[in-house]
Amino acid sequence: MEKYKNPDVSIPERVADLLSRMTPEEKIAQMGAQWLILKDNGDHEDRELEIGENDAQKSVRQRLSQGIGQITRPLGTHSVSAAEGVAALNQLQKFLIEETRLGIPAIPHEECLVGLMAEGATLFPSSLNYGHTWNPALIQATGRAISEQVRKAGARQGLAPVLDVSRDVRWGRTEETMGEDPYLVGVLATNYVQGLQGSDRSVCATLKHYVGHSFSEGARNHAPVHLGFKELNDTFMLPFEMAVKLGKAASVMPAYHDIDGEPCHASHFLLTDILRQQWGFDGLIVADYGGVELLHSHHAIAGNKAEAAALAFNAGLDVELPDSACAAHIMQALEAGLIKPEKIDEIVSRILSWKFQLGLFEQPYCEPVAAGNLQTPQARTLAYQVASESVVLLKNDHLLPLSTGIKLAVLGATADDPLALLGGYSFPVHLILSKTGDQTGQPVQTLKQALEARFDHVKYEKGCDILTERHANAPVFPGDVDLAVAQTMTSPISQDQSGIIKTKAVIDDCDVAVVCVGDLAGLFQTGTVGEGSDTDSLQLPGVQQALIDFALDSGKPVVVLVTGGRPYQLGRAEEEAAAILYGWAPGQEGAEAIADILCGKINPGGRLTLSFPKNVGAVPYYYNHKLKSGGTPIAYHFGARYPFGFGLSYTRFDYSDFDIKQHSVPQTGDIEVSVTLTNTGEYDGDEVVQLYVRDKVASLVRPVRELKGFAKVRLSAGESQRVHFTLPVDMLNFTNHQYQRIVEPGEFDLMIGRSSTDIVFHDSVTITGETRILPRNWRMVCQTRTDKLPG
């Protein structure tokens, strides 16, 4: 037996043995991928692409003959049952094992941000919902449930989570973020990674989009990012650093944009100096789809695909995705002296090491999947819990919860549309499949249906549309969209108000009107939010505001129920509506969760992880801004209508007995803060206790406040608990001129609050000693605990 085939030999020895046997062509094949329509008879087909410059393709069999690094989305590319998809994937692996010279299996990868993106998998809420739960343990459990389905589908790498820190909510991919605070994003993303990978890292999580992708020029997809390194490090890199160091993430994906003229896919500084050398990252760096080719076709820093490949792989890339558009030209780069054989050996050694670590040589095949076997009751329960914990109640004039005996008018474009409840990286939305029950193996109950199941008297009238039309099989990555800088486009957003008057009869016959509004996720302007679906306004798309106003004019109590992927301004409703509820994109169980909240079965406990800007002129707006961000004088349109951390409940929570253990703490110490929380209302409920810090005097300008700890506490009516925070002084750091994380001595304000603006207690602490440069493994997490107090 060859040494590399012997599982009893160490991985480094197996890698060295296999590498010594490989031809240059076989090595290069490992640095790319193939994106195919897999067939269970082995007659795999090409997927049609519109990517930059299409080369003449070799046959599928010829391209596979040298092996491949990864197989792209075997189940997530088209509508195929899990049973058929796994059988086809096994046929591909069989060819690689039995019909290539060395028998090296591929790593299959799938999208899994909001559940495995494949037919029949659980449609979890959006990652924006993950953020609004403020519940790391729940997000870790969600990651585990998704991992189970990823493994069943045969994939060993998932392209998730998204660690982009929201900055400008016009950005279409806001719905993929977890919010605007880097610490909260880092904690939740780390827990997702730990859940998805497991302790043995048998599935690779992929951190994306590294880095700063969410602060693009004008909030436009792929646009340049204008950031100095200090802000980049303190805000945008922090979640990645946490997920690498604490979560042991096995993969990272660079972003499409450039920072100060340098595309992330070509940045040796970001991919090698920081990620590998400073942070100790030991995983695989995989390209965002088409990202290497864009170095040539869009960024124009490479004259051809061979130069683009050399730039990316020399910078630190390991595998080009979704195909080998540029990796196929590495031999040319090698012959031209643009890349060295030693670099190729280094990269291929990492790839092979991970293939051995994942056990692919011993178990290249996936167990056959029974029909409809991806879904589990446990996953559905988790999807419901995430949805219910992420709903945010923004306004309630003593109307909610509603009695199930009242007469309810249900209106709006999102009320009876299952796609309105799903994020852009869910399977039906990614391919725009309107009949979700037929296409995904399980029905997605709509808001209308869930309300009809709970309330005795429900009448429905749509009133308006959001889009005039939606096309099936939408583009599934940026290369599929024609580049046309001077193109003339017509907006598909409906401006037809003729249906609004039709709602009069049902409104007149109701006690309460529930107006369901929001957006529809869809890639590249097939929707109103999502990747490539950026906006220039924070008004509701189309004529939805007119529908709300029509309902308000009736004089009946109005509940505005918003679903979607970004905050919106609701005009008169912010003053006149009886209640406003945000459900985000709550997934397949979302309608059930929202209906249970409206009728009082569930008490809303979500808290905002995005600020709601007062005006589109205020964006980019985020709570942890600098003091002078509002201008001088402070601009009238600056600020947030609903602040970061805000959310109402059906019960009341009182804070008391605030205490700081020591007001003087050394550089290597901990700040210990505690507060008593009491549920003084009549409902059981959740409160998120939030700890903020402000550096009062620093050598560089610091934010007005920063979240440094949080605890989600569930209290029965009348119950009290003591909440304790242990905040490492390390977490008071910022980046200096030498690009080092430092903690300066001095005075810091400590604030406990219900939100970033509703501060209940305020005190200060002094950090003693000299300025300290933090070590690689600095303490990154504020520990919390709660003690139940006698009633």
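Note that this is a predicted model, so its numbers are computed, not measured.

**So, the overall build of the protein chain**
Point 1. On a plain count of helices and strands, the protein chain comes out with 21 helices and 31 strands.
Point 2. Relative to the compact-globule value of 28 Å for 791 residues, the protein chain shows a C-alpha radius of gyration of 26 Å, a close match.
Point 3. A principal-axis box enclosing the C-alpha atoms of the protein chain has dimensions of 75 × 70 × 55 Å.
Point 4. Sorting the 791 residues of the protein chain into buried and exposed places 63% on the buried side.
Point 5. Counted over contacts in the protein chain with a minimum sequence separation of 6, partners at least 24 positions apart contribute 79%.
Point 6. For the protein chain, the centre of its 69 positive side-chain charges and the centre of its 97 negative side-chain charges are spaced 3 Å apart.

**Thoughts on the pattern of salt bridges**
Point 1. Under the criterion given, the structure shown has 50 salt bridges.
Point 2. For the salt bridge of Asp17 with Arg21, the shortest nitrogen-to-oxygen distance reads 3.1 Å. Here Asp17 pairs with Arg21, and both are found in helix 1 (residues 11–21), just four residues apart, close to one helical turn.
Point 3. For Asp17, a relative accessible area of 13% translates into the label buried.
Point 4. Residue classification places Arg21 among the partly exposed residues on the basis of a relative accessible area of 35%.
Point 5. Taking the shortest distance from any N to any O, the salt bridge between Glu531 and Arg173 comes out at 3.3 Å. Here Glu531, found in the loop between strand 15 (512–518) and helix 19 (544–553), pairs with Arg173, found in the loop between strand 6 (157–158) and helix 7 (182–197); they are 358 residues apart in sequence, far enough to count as distant.
Point 6. Via salt bridges that share partners, Asp234, Glu241, Lys245, Arg702, Glu706 and Arg741 belong to a single interconnected network.

**A short note on the confidence of the model for the protein chain**
Point 1. Chain-level pLDDT for the protein chain is 94 on average; 95% of the residues reach the 70-or-more range.
Point 2. Predicted confidence is poor over residues 437–441, with pLDDT under 50, and the contacts of this stretch with residues over four places away or in other chains come to 13 contacts.
Point 3. Note that pLDDT drops below 50 for residues 483–487; the model gives that stretch one contact with residues more than four away or on any other chain.

**With respect to the domain arrangement of the protein chain**
Point 1. When cut into domains, the protein chain gives domain 1 (1–47 + 66–105 + 340–370), domain 2 (396–610) and domain 3 (653–788).
Point 2. Between the C-alpha centres of domain 1 and domain 3 there is a distance of 47 Å.

Calculation notes
Residues numbered from 1 in each chain as written. Predicted model: local features only at pLDDT ≥ 70, side-chain atom pairs only at ≥ 80, totals over all residues. Heavy atoms only, no water. Helix = DSSP H or I, 4+ residues; strand = E, 2+ residues; numbered from the N terminus. Rg over C-alpha atoms; globule rule 2.2 N^0.38 Å. Buried < 20%, exposed > 50% of the residue type's maximum accessible area, 1.4 Å probe, protein only. Contact = heavy atoms within 4.5 Å. Lys, Arg positive; Asp, Glu negative; His and termini not counted. Charge placed at Lys NZ, Arg CZ, Asp CG, Glu CD. Salt bridge = Lys/Arg side-chain N within 4 Å of Asp/Glu carboxyl O. pLDDT = per-residue confidence, 0-100. Domains from an automatic or database assignment.

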